[in-house]
Amino acid sequence: MSALTKAKGFKKSRAGTYLSIGTTAFGALSVIKQARKARTESDTLLLLDAVVSAAAIATGLAILVRELKRVGDDDVLFG
């Protein structure tokens, strides 16, 4: 099995999905900082960028949670 095949398998695994959720949630921290900065500077464009980024993060997390449920449904030991 090649390294690329293993990497693709990891992305579809439960551990890979949890890792993706963690990195996506970590990205939310920078968006929160960006939103705070935009509010203190009254920068509407920067605030709009933070809102759009937050929506993208929320959508990404929802997709990852759905993928996690699918991985759980396919797992015989999961139940």
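Model, not experiment: these values are computed from the prediction. (Residues numbered from 1 in each chain as written. Predicted model: local features only at pLDDT ≥ 70, side-chain atom pairs only at ≥ 80, totals over all residues. Heavy atoms only, no water.)

1. Some details on helix H2 (residues 14-41)
Note that an α-helix has 3.6 residues per turn; residues three or four places apart therefore point the same way. Across its 28 residues, H2 extends 41 Å between first and last C-alpha, which sits within 8% of the 40 Å expected from 1.5 Å per residue. Residues Gly-16, Thr-17, Ile-21, Val-31, Gln-34, Ala-35 and Ala-38 constitute the buried set of H2. (Helix = DSSP H or I, 4+ residues; strand = E, 2+ residues; numbered from the N terminus. Expected span 1.5 Å × (residues − 1). Buried < 20%, exposed > 50% of the residue type's maximum accessible area, 1.4 Å probe, protein only.)

2. Points about the confidence of the model for the chain
Confidence in the prediction of the chain, expressed as mean pLDDT, is 83, and 76% of residues score 70 or more. When the elements of the chain are averaged for pLDDT, helix H1 (residues 3-11) gives the smallest value, 54, and H2 the largest, 92. (pLDDT = per-residue confidence, 0-100.)

3. Examining unusual backbone geometry
A positive phi angle, close to 55 degrees, is found at Ser-42, a residue other than glycine. Relative to the assigned elements, Ser-42 resides in the loop between H2 and helix H3 (44-74).

4. Structural notes on a nonpolar patch on the surface
A cluster of nonpolar residues, Phe-26, Leu-29 and Ile-32, forms a patch on the protein surface that exposes about 320 Å² of accessible area. Tracing the sequence through the fold places Phe-26 in helix H2. Judged by relative accessible area, Phe-26 falls into the exposed class, the value being 61%. (Patch = residues over 30% accessible without salt bridge, like charges linked within 9 Å, V, L, I, M, F, W, Y side chains within 5 Å. Areas by Shrake-Rupley, 256 points an atom, 1.4 Å probe, with all protein chains shown as cover. Salt bridge = Lys/Arg side-chain N within 4 Å of Asp/Glu carboxyl O.)

5. Considerations on the side chain of Gln-34
Tracing the sequence through the fold places Gln-34 in helix H2. Judged by relative accessible area, Gln-34 falls into the buried class, the value being 18%.

6. What to know about the UniProt feature "transmembrane region" (unreviewed entry) in the chain
Per the UniProt record, "transmembrane region" (unreviewed entry) is found at residues 15-32 and 44-65. Segment residues 15-32 splits into 100% helix and 0% strand. End C-alpha atoms: 26 Å apart. Summarising residues 44-65: 100% helix, 0% strand, and an end-to-end C-alpha distance of 31 Å. (UniProt positions renumbered as here; feature names shortened; annotations may be inferred.)

7. Description of the environment of Gly-16
Here Gly-16 lies in helix H2. Between the alpha carbons of Gly-16 and Leu-68 there is a distance of 9.4 Å; along the sequence they are 52 residues apart.

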